[in-house]
Amino acid sequence: MIINRIIAYKSIVFASIMVVLTISCAKKVTAVSESDPWKNMELTIKSLPETKFQNKTYNINDFGAVADGKTLNTSAFEKAIKTCAENGGGKVLVPNGKYLTGAIHLESNVNLHLEDHAEILFSLNPKDYPIVHTSWEGTEVMNYSPLIYAKNKTNVAITGKGTLNGQADSTNWWIWSGGKGYGWKKGIPSQNDPANREVLVDMAEKNIPVSERIFGEGRYLRPNFIEFFECNTVLVKDITVINSPFWILHPIKTNNIIIDGVTINSHGPNNDGCDPEYSQNVIIKNCTFNTGDDCIAIKAGRDADGRRVAIPSKNIIVQNCKMIDGHGGVVIGSEISAGVNNVFVENCVMDSPNLDRAIRIKTNSKRGGVIENIFVRNLEVGTVKECVLLVTMFYNVYGSQTGNFIPTVRNINLENITVENSGKFGVLAEGYPESPIENITLKNVKIEKADSVYSLKNVKNINFINTYINGKKVNK
């Protein structure tokens, strides 16, 4: 009996040792598997906190809102949101109908929810957008409030299948761009007048405090549409956004945000669909982008301002999206000075003769910054104008963009991509002799038609694995 107990005890000890060893080995296996970047993406997704709201509803009509598309409802939105927040949060409901309003400022624990046939029309009067701490093309500024704005908020959302309509066109906001195609004519003031955009950029270069960079009336810098500034745990789901004055979805210094099932249709100047800036742990999935500029553009600050803030954008995940018109499908830059890393793009469809590139990285020697670890797989690309992959360190807009901050770009991987027509090139990449673009890999890429296979300047270690362009296997 005693012998049997001793044997049983030894068996238990042995089993315990084996469990410990198994767990130890498993940890080693996990560590190895985590060297796969796509496993790291999955870990980011699993670790993301999600919004949760109390089961309380605050109908804006109960706070005086009128759904006639003419009555200004700014006060009703403000009262409903404030009351919701003061009572611990919940849902601020926008019922079916058309509601005109000025800026909407969200609070923590509030879900702004639009019913299926609800439409929020945003005022065309700049006076309905108070001056707030915001950002304009990668430079922080005191300017017109974004149409929907949240600053230093946690657990906040915009949901529902209704429509957000900025009402911008060539007779109002867009004309400020100075673009002749958007209604501007000689003699009409615009952002390009010497006292406007250029002054803001100069202030940032001189490190003038943001509180003293006061713009707004008479300076013609258009507001962003939806901006989450220094927020955490955010959801934007199912809404449709049309006719934006400027950038459309702009998370800045915001972590843990999910953008899911959003439809964006806005063809104005600088109408980027989504611009995560200085932001981390961002998921953009199941969305449709049809834009006047980049569909998705990952940012990290402009020049001196970006270096001052010094927060890289990282862990940006794009899944199951459709890109139609735009300057680029998924773009990194050009406002990129604080750097971008760990970008994952998968299972997307990009197709339009008005889509210039599928994947685009743009920077220059005024921006600087480190861009690294870009992973793309499983794309279906129909037609693009210029190329499937564009990487340039010589992006040039608003005059000379030459400085002393040479960028670093490395580790770009494209895999399992089919393309009908890539326009001028399969790949266009140009770096500096002292800072070549490093480590580009195309694996299992098939491009049916391209005028030229590639154009490469100062590129180090580019690999084509099982890649075919114009019916021929690419060897380099």
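So, here is what we can say about the structure in this document.

## So, the overall build of the chain
In step 1: On a plain count of helices and strands, the chain comes out with five helices and 35 strands.
In step 2: In summary, the chain has a C-alpha radius of gyration of 25 Å against a globular reference of 23 Å for 476 residues, a match within 12%.
In step 3: Projected onto the principal axes, the alpha-carbon positions of the chain cover approximately 90 × 65 × 45 Å.
In step 4: Taken over 476 residues, the chain has a buried fraction of 54%.

## A short note on unusual backbone geometry
In step 1: Across the junction of glycine 333 and serine 334, the peptide omega takes the value 0 degrees, indicating a cis bond.
In step 2: Mapped onto the elements of the fold, serine 334 is located in the loop between β24 (326-333) and β25 (340-350).
In step 3: A positive phi angle, close to 55 degrees, is found at glutamate 230, a residue other than glycine.
In step 4: Turning to its location among the elements, glutamate 230 is positioned in the loop between β13 (226-229) and β14 (232-237).
In step 5: Backbone geometry places asparagine 243, a non-glycine residue, at a positive phi of 55 degrees.
In step 6: Along the chain, asparagine 243 turns up in the loop between β15 (240-242) and β16 (249-252).
In step 7: Note on asparagine 243: relative accessible area 25%, which makes it partly exposed.

## Regarding the sheet that holds strand β32 (residues 452-457)
In step 1: Sheet architecture is open: six strands sit in the order β21-β24-β26-β28-β30-β32, paired in parallel fashion. Since the sheet does not close on itself, it has two edges, and those belong to β21 (296-298) and β32, each with one partner. Between one strand axis and the next, the sheet turns by 15 degrees as a mean value, whatever way the strands run.
In step 2: Across six bridges, the pairing between β24 and strand β26 (residues 355-362) is parallel.

Criteria and thresholds
- Residues numbered from 1 in each chain as written.
- Predicted model: local features only at pLDDT ≥ 70, side-chain atom pairs only at ≥ 80, totals over all residues.
- Heavy atoms only, no water.
- Helix = DSSP H or I, 4+ residues; strand = E, 2+ residues; numbered from the N terminus.
- Rg over C-alpha atoms; globule rule 2.2 N^0.38 Å.
- Buried < 20%, exposed > 50% of the residue type's maximum accessible area, 1.4 Å probe, protein only.
- Pairing = 2+ DSSP bridges.
- Axes fitted to C-alpha atoms, helices over the stretch in contact; angles between N-to-C directions.

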